[in-house]
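Coordinates in review
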Amino acid sequence: MARRVAVPAGPLGDDFSFVSPVAKYVLFFFNLLFWVISMVMVAVGVYARLLKHAEAAMACLAVDPAILLIMVGVLTFLITFCGCVGSLRENICLLQLFSVCLTIIFLLQLAVGVLGFVFSDEARGKVSEIINGAIMHYRDDLDLQNLIDFGQKEFSCCGGVSYKDWSQNMYFNCTATNPSRERCSVPFSCCLHDPDQAVINTMCGHGMQARGYLEASAFIHTNGCIDKLVNWTHSNLFLLGGITLGLALPQLVGIILAQLLINQIRDQIKLQLYNQQHRADPWY
């Protein structure tokens, strides 16, 4: 049903406006904040990308955290730019584009969450595929290497399903023809560390893949990171729900403010047309 605008008995003053300055500038500063954040994300991503060697830059584009950061930053920059300019200039087209983009992103996030919950086995398989791909490119990308080491330390795990998954990496491969000095080894982040140990032994994982589970468990974490990640997810559902809500709430606020401002701008346009007709025709 079309929304009707209450038409005044006579033309209102030129200083009257349906557009609320509060809604307008709250939306502007809301977008300005995320616009600045997006520029920082792009700058950090570009800087991290330029620091890498050319060989590493071409090795693993699909899992490069720097590329991911740049892509998210550019997308956020474009969307918030529409929100900033649209609210400041009271441009309906830009505000509608901003609102539609936020709505699509919100629905995609919702769909991913629902599908991940319903098809948990398929989601687990996708996570396993991503982790195995990251293991293969462990030495190709310093950012990816640091990310994997951080994850293995935090979750006290090694590899995807088990520590022997590191044979998928060409440097840690356990075949007899592998000339690497790290043959049959695992990264130092898999090792059991003594809290009192001042200096970390980066060769502590040497030859661990050649040992059995019981023997290797005295020196490294033998359990894979997939199971640890699943268990952590189940144990922190409230935390994940809070993070999800924290990401969704600003999007919902932005959508509501944009739609509110669009309706107010349309009302203002109708009022201006009415005033023009009233002044042109006193009998109107």
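No experiment lies behind these values; they were computed from the predicted model shown.

So, how was this worked out
- Residues numbered from 1 in each chain as written.
- Predicted model: local features only at pLDDT ≥ 70, side-chain atom pairs only at ≥ 80, totals over all residues.
- Heavy atoms only, no water.
- UniProt positions renumbered as here; feature names shortened; annotations may be inferred.
- Helix = DSSP H or I, 4+ residues; strand = E, 2+ residues; numbered from the N terminus.
- Patch = residues over 30% accessible without salt bridge, like charges linked within 9 Å, V, L, I, M, F, W, Y side chains within 5 Å.
- Areas by Shrake-Rupley, 256 points an atom, 1.4 Å probe, with all protein chains shown as cover.
- Salt bridge = Lys/Arg side-chain N within 4 Å of Asp/Glu carboxyl O.
- Buried < 20%, exposed > 50% of the residue type's maximum accessible area, 1.4 Å probe, protein only.
- Contact = heavy atoms within 4.5 Å.
- Disulfide = S-S within 2.5 Å.

Digging into the UniProt feature "transmembrane region" (unreviewed entry) in the protein
Residues annotated by UniProt as "transmembrane region" (unreviewed entry) correspond here to residues 25-48, 60-88, 94-119 and 237-262. Taken end to end, residues 237-262 has its terminal C-alpha atoms 37 Å apart, with 100% of it in helix and 0% in strand.

Thoughts on a nonpolar patch on the surface
The grouping of Leu107, Leu110, Val114, Leu115, Phe117, Val118 and Phe119 at the surface amounts to a nonpolar patch, some 720 Å² of accessible area in total. Along the chain, Val118 turns up in helix α4 (residues 92-118). Residue class for Val118 comes out exposed when judged on its relative accessible area of 53%.

Remarks on unusual backbone geometry
In this model, Ser156 sits at a positive phi of 50°, which is unusual for a non-glycine residue. Following the sequence through the fold, Ser156 ends up in the loop between α6 (142-155) and α7 (213-216). On the basis of relative accessible area, Ser156 is assigned to the partly exposed category, the value being 28%. The phi dihedral of Cys184 is positive, around 70°, even though this residue is not glycine. Here Cys184 lies in the loop between α6 and α7.

As for the environment of Val42
As for its position among the elements, Val42 is in helix α1 (residues 21-50). Along the primary structure Val42 and Ile67 are separated by 25 residues, whereas in three dimensions their C-alpha atoms are 9.2 Å apart. Every residue in contact with Val42, bar those within four places of it in the chain, is listed here: Ile70, Gly73 and Val74.

Let's talk about the state of the cysteines
All chains considered together, the criterion is met by four disulfides. Note that Cys158 is cross-linked by a disulfide to Cys190, the S-S spacing being 2.1 Å. The disulfide joining Cys158 to Cys190 has a torsion of about 80° about its S-S bond and is therefore right-handed. Here Cys190 lies in the loop between α6 and α7 and Cys158 lies in the loop between α6 and α7, a separation of 32 residues in the sequence. What makes Cys190 buried here is its relative accessible area of 0%. The disulfide that involves Cys191 links it to Cys204, with 2.0 Å between the sulfurs. Judged by the sign of its S-S torsion, about 105°, the cystine formed by Cys191 and Cys204 is right-handed. One end of the pair, Cys191, is in the loop between α6 and α7; the other, Cys204, is in the loop between α6 and α7, with 13 residues separating them in the sequence. Here the bonded cysteines of the protein are numbered in sequence order, and their pairing is 1-8, 2-5, 3-4, 6-7. There is no disulfide at Cys101, and the cysteine sulfur nearest it, in Cys82, is 6.5 Å away.

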